[in-house]
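Structural description and commentary
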Amino acid sequence: QVQLVESGGGLVQPGGSLRLSCAASGSIFIINAMGWYRQAPGKQRELVASITWGDSTNYADSVKGRFTISRANAEDTVYLQMNSLKPEDTAVYYCNAGVVISTTLKTDDYWGQGTQVTVSS
């Protein structure tokens, strides 16, 4: 009923920047919180940043001051601006959204397919 499509990943040198985007589409009434998670090889998926409908944000300590999450509610899109990237930021990044479905008014949790971010010289 709802699809999340991510874009913007790639290969970047240490100290560089990338901007991830995630666009939601489908039977959307409203999207509550949206967030970005990441999973590195051999590690558990972890929260990177989240943002509520009212733009309250939360960040993992490891990315505070370097990453910025934002959203465009009219476009059902969330962004992650990543600056001063480090090799330890290398992971698959996943978009997540808590969506109120327009046909049922129930809230379901959705994930994107993931986008690879590699930080290497």
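Scroll up to find the structure this text is about.
Here the residue index of a chain counts from 1 through its sequence in written order. Thresholds applied to this predicted model are a pLDDT of at least 70 for local features of residues and 80 or more for the giving and counting of side-chain atom pairs; totals over whole chains, interfaces and linings are not thresholded and use all residues. Just so you know, side-chain values use all the structure's heavy atoms and leave hydrogens and water out.

On to unusual backbone geometry. One non-glycine residue, Asp55, adopts positive backbone phi at about 75°. Positionally, Asp55 belongs in the loop between β5 (46–51) and β6 (57–59). Overall, Asp55 belongs to the partly exposed group, its relative accessible area being 47%. For Ser84, which is not glycine, the phi torsion reads 50° and is therefore positive. Here a helix means four or more residues in a row that DSSP labels H or I, a strand means two or more in a row labelled E, and each is numbered from the N terminus. Think of it in three bands: residues with accessible area under 20% of the maximum for their type are buried, residues over 50% are exposed, and the middle band is partly exposed, with areas taken using a 1.4 Å probe on protein chains only.

Take the pairing of strand β11 (residues 115–119) next. Within a regular beta strand, the side chains point alternately toward one face of the sheet and then the other, so they alternate between its two faces. Here β11 shows a buried face lined by Thr115, Val117 and Val119 and an unburied face lined by Gln116 and Thr118. Here strand β2 (residues 10–12) runs beside β11; their pairing, made up of three bridges, is parallel. Along β11, the bridge assignment pairs Leu11 with Thr118. Two strands qualify as a pair provided DSSP detects at least 2 bridges between them. As paired elements, strand β9 (residues 91–101) and β11 share three bridges and run antiparallel to each other. Directly across from Tyr93, in β11, lies its bridge partner Thr115.

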